[in-house]
Amino acid sequence: QQQVKQSPQSLIVQKGGISIINCAYENTAFDYFPWYQQFPGKGPALLIAIRPDVSEKKEGRFTISFNKSAKQFSLHIMDSQPGDSATYFCAASVFSKTSYDKVIFGPGTSLSVIP
Amino acid sequence: NAGVMQNPRHLVRRRGQEARLRCSPMKGHSHVYWYRQLPEEGLKFMVYLQKENIIDESGMPKERFSAEFPKEGPSILRIQQVVRGDSAAYFCASSPSTNTEAFFGQGTRLTVV
């Protein structure tokens, strides 16, 4: 019940296209859903996060969509660029208990944006 | 303000040796988290420490692994008698308190030969 599922495992998108990564969770107590971006040889960095009081959050070309009833959330990268090529992790936690030992990470999606 | 510093970046150990991984948190951060990342897997939580205290070690194997965060100096993750299955990237993250975002270091890539 603590698992966060993520798909696809890898994704190839042409420059200018839309990249979509999907995640699903089981634990209905989760109420904080961050996304992390990790470049090769680097540590993960927080990209964008959402709480379930909204169904969508947009920051620049990055948008999180959230479907509470389906227990699913997704990351959309609009106008994808080669510089977006990285591994993306979704995660989930209970916000009031968000010390990082309680954050559950998905397995990651390797995104390649080709020119 | 320097970020979270981990060293070494790459570490090669023979089976049976000890591996020591160091993490210096960001200035002002007293909470440290260690994670292990295997290829095509997400980050798996190992241990959460505050200065001189282990808060949560539920993700750390009971044998061969230990962690500390002394009053002075970096946090250390120690793996004794390493085996090939310990080969992974080990990340630490730090935060100034609970309920705040943690920042990750660049990781230590451990290879056991």
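Shown above is the structure to which this text applies.
Since the model is a prediction, treat every value here as computed from it, not as a measurement.

(A) Quick peek at unusual backbone geometry. Backbone torsion omega between Ser7(A) and Pro8(A) reads -5 degrees, so that peptide bond is classified as cis. Here the amide bond leading from Asn7(B) into Pro8(B) is cis, since omega sits at 0 degrees, within 30 degrees of zero. Backbone geometry at Arg64(B) places phi at a positive 75 degrees, although glycine is not the residue there. Following the sequence through the fold, Arg64(B) ends up in the loop between strand 6 (53-56) and strand 7 (65-68). Take Arg64(B): its relative accessible area is 24%, and that puts it in the partly exposed class.

(B) The packing of aromatic side chains, seen in detail. Under the criterion given, the structure shown has 14 aromatic pairs over all chains. Joined through ring pairs, the aromatic side chains of Tyr25(A), Phe30(A), Phe33(A), Trp35(A), Phe66(A) and Phe73(A) make up one cluster.

(C) The arrangement of the sheet that holds strand 3 (residues 19-25) of chain A in detail. Residues and elements named next belong to chain A. The sheet built from 5 strands is open, its strands ordered 1-3-8-7-6 with antiparallel pairing. Looking along the sheet, the strands with just one partner apiece sit at the ends: strand 1 (4-7) and strand 6 (56-59). Neighbour-to-neighbour, the strand axes of this sheet turn through a mean angle of 15 degrees, independent of strand direction. Pairing of strand 3 with strand 8 (residues 72-77), which is carried by 6 bridges, proceeds in the antiparallel orientation.

(D) Up close: a nonpolar patch on the surface. All names here are of chain A. Among the surface-exposed residues, Ile-18, Ile-20 and Met-78 lie close enough to one another that they form a single nonpolar patch of about 240 Å² accessible area. Among the secondary structure elements, Ile-20 is positioned in strand 3. Given the relative accessible area of 36%, Ile-20 is considered partly exposed.

Calculation criteria
Residues numbered from 1 in each chain as written. Chains lettered and ligands numbered in written order. Predicted model: local features only at pLDDT ≥ 70, side-chain atom pairs only at ≥ 80, totals over all residues. Heavy atoms only, no water. Helix = DSSP H or I, 4+ residues; strand = E, 2+ residues; numbered from the N terminus. Buried < 20%, exposed > 50% of the residue type's maximum accessible area, 1.4 Å probe, protein only. Phe/Tyr/Trp six-rings, centres within 6.5 Å; stacked < 30°, edge-to-face > 60°. Pairing = 2+ DSSP bridges. Axes fitted to C-alpha atoms, helices over the stretch in contact; angles between N-to-C directions. Patch = residues over 30% accessible without salt bridge, like charges linked within 9 Å, V, L, I, M, F, W, Y side chains within 5 Å. Areas by Shrake-Rupley, 256 points an atom, 1.4 Å probe, with all protein chains shown as cover. Salt bridge = Lys/Arg side-chain N within 4 Å of Asp/Glu carboxyl O.

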